[in-house]
Amino acid sequence: MTNSHHAQYYIYFQQINTETTVLTPNRRLSAIFHKLYRQYQLEQQHELWETPTILPVSSWIHQLWSDHADNTFSSLFLLNSVQEHYLWEKILTHEKSNEQLLQISETAELAKSAWNLLRQWQVDINHPCFNASDDYSALRKWAIAFQQDCEKHCWIDSATLPNMLIEKIKAGSVTPPQHIMMVGFTECSPQFSQLLKTCELAGSKISYVDVPSTMIEHKRISLADHENEIQTMARWARLTLKNHPTATIGCVIPALEKMRDRVAQLFSEVFAEESTYTIDLQNSPFNISAGKSLIQYPIIHAALQLLSLHKKNISSATLSFILSTPFIGEAEVERIKRANFDRLLRENNKNNIDLSASLNEDKSNITLSLKKHCPFLARRIEKFLLLVNNIQKKLSYSEWATHFNNMLIALGWPGERSLNSEEYQIVDCWLNLLNEYKTLDYVAKPTHFSQALYLLQKTLGSSVFQPKSPEAPIQILGILEAAAIPFHSLWVAGLDDISWPPPPQPNPFIPKRLQRELHMPHATAERELMFCSALIKQFKQSANYVVFSHANKKDGLELQPSPLIKDVINISEDDLPLEPYTFPSKKIFQNRKIQLLQDDKAPMIRDDEEIHGGVNIIKQQALCPFKSFSECRLHAYELESPLPGLRAKDRGKTIHKSLEILWDKLQDHETLLTIKENELNTLIQDSIETAINFTPNSHSELTQYISLEKKRLFTLISEWIQLEKKRRPFKVILSEKMTPVTLGRLQLNIRVDRIDELEDGRQFIIDYKSGKNNDINNWFGDRPEEPQLPLYTLLELENICGITFAQIYPGEYGFKGISHYALDIPGVKLISEIKKTTALSWHEQLNQWKHVLTQLSDNFYQGDARVYPKDSSKTCIWCALKPLCRINEEITAAPTDLTGTV
């Protein structure tokens with residue numbers, strides 16, 4: 001069935017012949033008019049017809065020049081966008097006054113955009129207004145340099161090309177078409193208008209397609225927020241397509257390129273409800289026009305990361321990515337080994353990796369040897385580095401393109417698995433883009449690896465790619481590309497009073513006075529209003545049924561409809577033709593089939609099963625049995641992230657080690673009091689110096705950082721030692737010693753920070769803490785959150801008289817502990833002063849601890865693995881195991897019952 005709105009264009013198709021050229025503002029409208037013309041010919045019962053010339057303006061201008069250059073053997077060379085950007089960036093880079101510019105490439109693109117505007121609006125770069133500010137005069141200087149460069153080498157840029165064609169048409173060396181038909185133009189620049197006028201003077205007939213508005217229905221609707229607006233649009237499009245299977249439906253979304261993925265998700269969710277549709281975007285009833293930068297696609301991002309291996313000293317983030325990417329040789333075969341090597345790098349806090357050392361087992365730490373852990377990947381990288389080492393220092397861009405391709409082949413890119421349709425198209429696009437990259441040889445001298453790779457990244461970043469997909473009846477478009485396209489039904493979203501018209505964005509390099517006077521794009525609010533009004537007028541004539549919409553709220557801000565659509569009849573959501581819709585999450589919940597499975601019992605520990613974890617086993621068992629089981633038996637840990645410098649746990653270990661070394665030399669309180677101050681300071685400094693070397697990664701190359709860390713440690717330990725001097729006499733009898741302890745049927749190895757022997761021969765246990773949130777109340781109850789010190793008391797029940805935290809924190813140094821009797825140590829309380837415990841005496845407290853800790857140990861040994869956090873608001877907040885234990889699902893299913901049933 002013929003779309004009545006489309007049929008209105010047929011009168012213009014009757015005027016098209018071999019001498020007619022139809023011009024459109026963009027490629028999409030050209031493609032649609034080709035389709036409509038084909039439909040028209042078929043309806044005329046024609047089996048054969050000559051394909052008309054229907055082109056976007058830019059292609060027509062380039063075709064005119066190409067025909068002229070072929071006929072006259074012109075020596076002038078037309079620059080492409082890659083070459084133009086390179087020239088602008090080169091000019092800015094070589095200008096000494098631009099040394100302070102932080103973003104040369106972005107500034108070059110902005111300057112190029114300003115130059116294009118000046119050409120299109122026919123502004124002389126030597127206009128006096130360019131003297132008004134440094135930015136304006138800077139553009140003039142760059143533009144003159146660009147012009148001189150082009151004149152010297154006989155180059156033409158795309159902004160100057162229409163002017164050149166105007167001259168050639170006037171001279172008679174270029175013959176314009178007899179008939180130029182203009183379709184879908186909201187406005188024309190003065191430069192293009194002059195080109196058309198020149199064509200007209202040369203004999204061309206210029207006509208404009210203007211489709212009259214007949215039987216068009218306009219509606220306006222407001223919706224809760226932007227997401228609800230897109231979702232309602234999708235529901236409307238689905239029902240419209242269901243009622244009119246042959247219809248073409250337009251869904252227009254401003255700034256579509258910024259939210260493409262979310263729009264795709266919302267539309268997919270809505271159409272997934274139909275049994276005939278799936279969320280496979282390659283075969284869906286809708287097509288999203290907005291592409292993404294090539295560099296945003298994982299397969300291209302992986303290629304650039306692989307090429308960055310030429311640096312040989314790479315960041316841990318880069319190597320971690322390469323270890324996990326599927327777009328490299330043997331990624332599937334070696335994935336477990338690579339994942340394990342990634343874990344080792346993280347655990348050792350490696351921020352930078354020397355590839356040469358990691359590939360050479362003689363030079364590298366064998367624990368972090370890439371050659372040992374990932375032999376296939378190591379061989380790939382060795383081949384890559386061999387290619388890099390054999391390359392000359394400077395090559396042409398054509399040669400670099402070949403080398404880049406060969407390097408990626410050596411690394412096994414794009415991987416061993418079969419590529420899907422989108423990835424296959426992207427690889428094909430990559431190869432075509434390399435051919436465009438090679439054209440830099442016309443404007444650039446040979447260069448070195450880093451510059452060649454930098455320009456490849458820039459070329460990829462500026463290249464927009466959209467996977468090809470079958471023709472779809474629903475077109476999701478940006479605001480500009482949708483203008484003048486004929487549809488059966490159309491929905492235009494995002495038309496609130498803040499967003500439409502958008503605020504002006506004048507080019508910062510063009511004098512604002514000129515932009516205002518000449519009504520340049522985005523120059524003033526008046527200019528934006530005028531342009532947006534024209535677009536709205538076009539949209540009102542683009543379909544038989546048109547819906548304009550806006551959100552009521554955005555980021556908490558109340559919104560109103562744009563003044564440009566206030567004249568449209570307002571309707572409510574109930575007035576729209578919509579089928580009932582259930583949100584995917586609600587639909588899943590409604591169709592849930594919950595199976596209650598009592599799965600809180602793990603296998604009992606076998607006699608041959610090695611259990612590691614020490615005190616952490618008991619601590620996690622008290623906090624949550626499942627957490628203890630997962631970490632200590634399943635070894636399920638969150639991957640660490642390497643940090644610059646020492647991690648918090650490394651700094652804590654350094655304090656422990658420094659104090660261990662210090663007390664090994666001091667031995668007792670008497671020596672501490674009698675040693676001279678300068679000798680004590682030297683002793684502290686030597687202890688710190690030795691301790692720093694015990695950290696997993698000493699970061700010896702970061703000399704300034706290590707120096708600051710040593711000063712910090714010296715201050716901490718010096719101030720702490722002053723507090724130790726105020727104590728009664730003691731002797732350190734054990735420091736940082738690993739000691740076995742039997743707890744029920746579980747054998748644990750625990751490390752005691754320090755045990756002091758007091759004057760009466762009794763022992764006082766100290767646990768160093770470099771943080772400040774240390775609460776002794778966490779030692780008590782059936783599930784003590786800090787069982788370490790209570791567990792230490794089991795070493796010698798009869799001889800221990802107290803336990804304490806030693807809080808070594810700037811400004812809050814002190815002891816926090818309990819004792820059998822008064823020890824005259826501030827912060828150490830008698831057991832009778834503790835409200836949290838039910839024990840009436842020290843010995844009763846020791847027995848309670850023994851019972852509680854043994855019970856926790858037995859529970860772990862017997863396989864107690866309940867999802868049973870002590871306090872979910874605290875225990876679970878930083879826990880990384882929530883996807884494994886599904887605590888959130890459990891709370892949703894039974895919020896009052898956390899007994900381990902999932």
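Given the structure is predicted, the values throughout are model-derived calculations rather than measurements. (Residues numbered from 1 in each chain as written. Predicted model: local features only at pLDDT ≥ 70, side-chain atom pairs only at ≥ 80, totals over all residues. Heavy atoms only, no water.)

*Asks:* Hey, could you run me through unusual backbone geometry in this one?
*Replies:* Phi is mostly negative for residues that are not glycine, and the peptide bonds are mostly trans. Following W413, the chain continues to P414 via a peptide bond in cis, the omega torsion being 10°. Counting through the fold element by element, P414 comes out in the loop between α18 (397–410) and α19 (421–438). Residue Q122 is not a glycine yet carries a positive backbone phi of 55°. Looking at the secondary structure, you find Q122 in the loop between α6 (104–120) and α7 (134–153). Positioned with a positive phi, R886 is a non-glycine residue whose angle comes to about 60°. Structurally, R886 can be placed in the loop between α34 (882–885) and α35 (887–893). A residue is classified by how much of its surface remains accessible, and R886, at 40% relative accessible area, is partly exposed. (Helix = DSSP H or I, 4+ residues; strand = E, 2+ residues; numbered from the N terminus. Buried < 20%, exposed > 50% of the residue type's maximum accessible area, 1.4 Å probe, protein only.)

*Asks:* What exactly am I supposed to notice about the pattern of salt bridges here?
*Replies:* Pairing of side chains with opposite charge becomes possible as their charged atoms draw close. Throughout the structure, instances matching the rule amount to 40 salt bridges. Notably, a salt bridge pairs R346 with D342, separated by 3.2 Å at the nearest N-O pair. Of this pair, R346 and D342 both sit in helix α14 (residues 335–347), separated by four residues, roughly a single helical turn. With respect to class, R346 is no different from D342; both count as buried. In this structure, the salt-bridge partner of K553 is E558, at a minimum N-O distance of 3.7 Å. With relative accessibility at 43%, the residue K553 sits in the partly exposed group. What makes E558 exposed here is its relative accessible area of 52%. Each of E640, R647, K649 and D650 takes part in salt bridges that share partners, so that together they form one network. (Salt bridge = Lys/Arg side-chain N within 4 Å of Asp/Glu carboxyl O.)

*Asks:* Which parts of the structure should I look at to understand the packing of aromatic side chains?
*Replies:* Describing an aromatic ring pair means giving the distance of the ring centres and the angle of the ring planes. Within this structure, the stated rule accounts for 28 aromatic pairs. On the numbers, 5.4 Å between centres and 70° between planes, the contact of W142 with F509 is edge-to-face. Taken as a pair, W142 in helix α7 and F509 in the loop between β15 (487–492) and α22 (512–518) lie far apart in primary sequence, 367 residues in all. Each member of the pair, W142 as well as F509, is classed as buried. With a centroid separation of 5.4 Å and an interplanar angle of 55°, the aromatic rings of F267 and F286 are classed as tilted. With F267 in helix α11 (residues 260–271) and F286 in strand β9 (residues 286–288), the pair connects residues that are 19 residues apart, well separated along the chain. Ring pairing ties together the aromatic residues Y397, W400, F404, Y437 and F449, which thus form one cluster. The ring of Y297 has K292 lying over it, and the distance from NZ or CZ to the ring centre is 4.9 Å. Sitting over the ring of Y868, R783 keeps its end group 4.6 Å from the ring centre. (Phe/Tyr/Trp six-rings, centres within 6.5 Å; stacked < 30°, edge-to-face > 60°. Lys NZ or Arg CZ within 6 Å of the ring centre and 35° of its normal.)

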